[in-house]
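# Understanding the architecture of this molecule
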Amino acid sequence: MEDRSTPPGAPDHTLIYDGECGICRRSMEWVRARDARGRIRIIPFQDPSVAAEFPAIPRADMENALQLVADSGERWQGSQAVAHLLGLLPGCRLVGAVLRAPIVRPISRRIYRLVARNRSRLGCGDHCGLPDH
């Protein structure tokens, strides 16, 4: 069942990503292509307005993981941001629900960290060396 509570073109979530990461940029293109209702505002953390608009999110969090922020103020990062994001996109909701399942969360967290740590080898660039945590 489609969520009709948000009119087309009215974002109710902000997705904050690394604008210098090739994988991240390609992922945002993928999201934009699927966000037909315009629910998601996508912005790189390097944009100067992000720090002012989201002062509660430490820059290190933004550098290390994708951030999804609902208009309500609720925030998800990393693998859980991906799971909630997929839950917003038509055709991806089931995958999002599976990734949010308690039994799957630890696995998706590990996969997210593995990809994040290896972004430079996967087509990101040299600047993407993330800490192991």
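One structure accompanies this document, and this report is about it. Numbers given to residues run from 1 along each chain, matching the order in which its sequence is written. Two thresholds apply to this predicted model, a pLDDT of at least 70 for residue-level local features and 80 or more for giving and counting side-chain atom pairs, whereas whole-chain, interface and lining totals are computed over all residues. Calculated side-chain values reflect all of the structure's heavy atoms, with hydrogen atoms and water omitted.

Another point: the sheet that holds strand 1 (residues 13-17). Note on pairing: two strands pair once DSSP finds at least 2 bridges between them. Numbering of helices and strands runs from the N terminus, with a helix taken as a DSSP run of H or I at least four residues long and a strand as a DSSP run of E at least two residues long. Strand order in the open sheet formed by four strands is 2-1-3-4, with mixed pairing between adjacent strands. The sheet terminates laterally at strand 2 (40-44) and strand 4 (75-77), the two strands that pair on one side only. Neighbouring strand axes in the sheet, compared pairwise and without regard to direction, differ in orientation by 20° on average. Taken together, the five bridges between strand 1 and strand 2 define a ladder with parallel strand orientation. By the bridge assignment for strand 2, Y17 is matched with P44. Across the sheet, helix 1 (residues 22-34) touches strand 1 and strand 2, and the angle it forms with strand 1 is around 160°. We call two residues in contact when some of their heavy atoms are within 4.5 Å. For helices, the axis comes from a line fit to the C-alpha atoms of the stretch in contact; other axes are also lines fit to C-alpha atoms, and the angle between any two N-to-C directions lies between 0 and 180 degrees. In this fold helix 4 (residues 79-88) packs onto strand 1, strand 2, strand 3 (67-70) and strand 4, with an angle of close to 115° to the strand it touches most, strand 4.

The method works on a 1 Å grid over the protein atoms by themselves. A cavity is a set of points holding a 1.4 Å probe that cannot get out, a pocket is an open set with protein on both sides within 12 Å along at least five of seven lines, and residues with an atom within 4 Å of a point line them. Grid points are joined across faces, edges and corners, and a volume is the space filled by probe spheres set on the points. In total, this model carries one cavity of 30 Å³ or more according to the counting rule given. If you go around the largest cavity, the residues you meet are R34, D35, A36, R37, R39, L88, P90 and R93. Looking at the lining of the largest cavity residue by residue, the classes come out as three nonpolar, no polar and five charged. Three classes are used: nonpolar for Ala, Val, Leu, Ile, Met, Phe, Trp, Tyr, Cys and Pro, charged for Asp, Glu, Lys and Arg, and polar for all others, with Gly counted as polar.

Quick look at the environment of A97 now. Tracing the backbone shows A97 in helix 5 (residues 93-100). Exposure categories follow from relative accessible area, calculated using a 1.4 Å probe and restricted to protein chains: below 20% of the type maximum is buried, above 50% is exposed, and the middle band is partly exposed. Note on A97: relative accessible area 35%, which makes it partly exposed. For the pair A97 and G87, spaced 10 residues apart in the sequence, the C-alpha separation amounts to 6.4 Å.

One number sums up the size of the largest pocket: a volume of about 550 Å³. Together, 25 residues line the largest pocket, and S27, L66, V82, Y112 and V115 are the ones closest to its centre. With six residues, helix 1 is the single largest residue contributor to the lining of the largest pocket. The residue inventory of the lining of the largest pocket, partitioned by class, reads 18 nonpolar, four polar and three charged.

Further remarks concern the pattern of salt bridges. For this analysis, a salt bridge means a side-chain nitrogen from Lys or Arg found within 4 Å of a carboxyl oxygen belonging to Asp or Glu. All chains considered together, the criterion is met by four salt bridges. For E53, the salt bridge is made with R41, and the minimal N-O distance between the two is 2.6 Å. Here the residue E53 occupies a position in helix 2 (residues 48-53), and R41 occupies one in strand 2, the gap between them amounting to 12 residues. In this structure, the salt-bridge partner of R75 is D61, at a minimum N-O distance of 3.6 Å.

Burial along strand 3 is two-sided: Q67 and V69 and L68 and A70, pointing in opposite directions, are all buried. Both strand 1 and strand 3 contribute to a ladder of four bridges, which runs antiparallel. Paired with H13 across the strands is A70, a residue of strand 3. Taken together, the three bridges between strand 3 and strand 4 define a ladder with antiparallel strand orientation. Its bridge partner being in strand 4, V69 is matched across the sheet by R75. Connecting strand 3 to the next strand, strand 4, in antiparallel fashion are four residues, including G73 with a positive phi near 100°.

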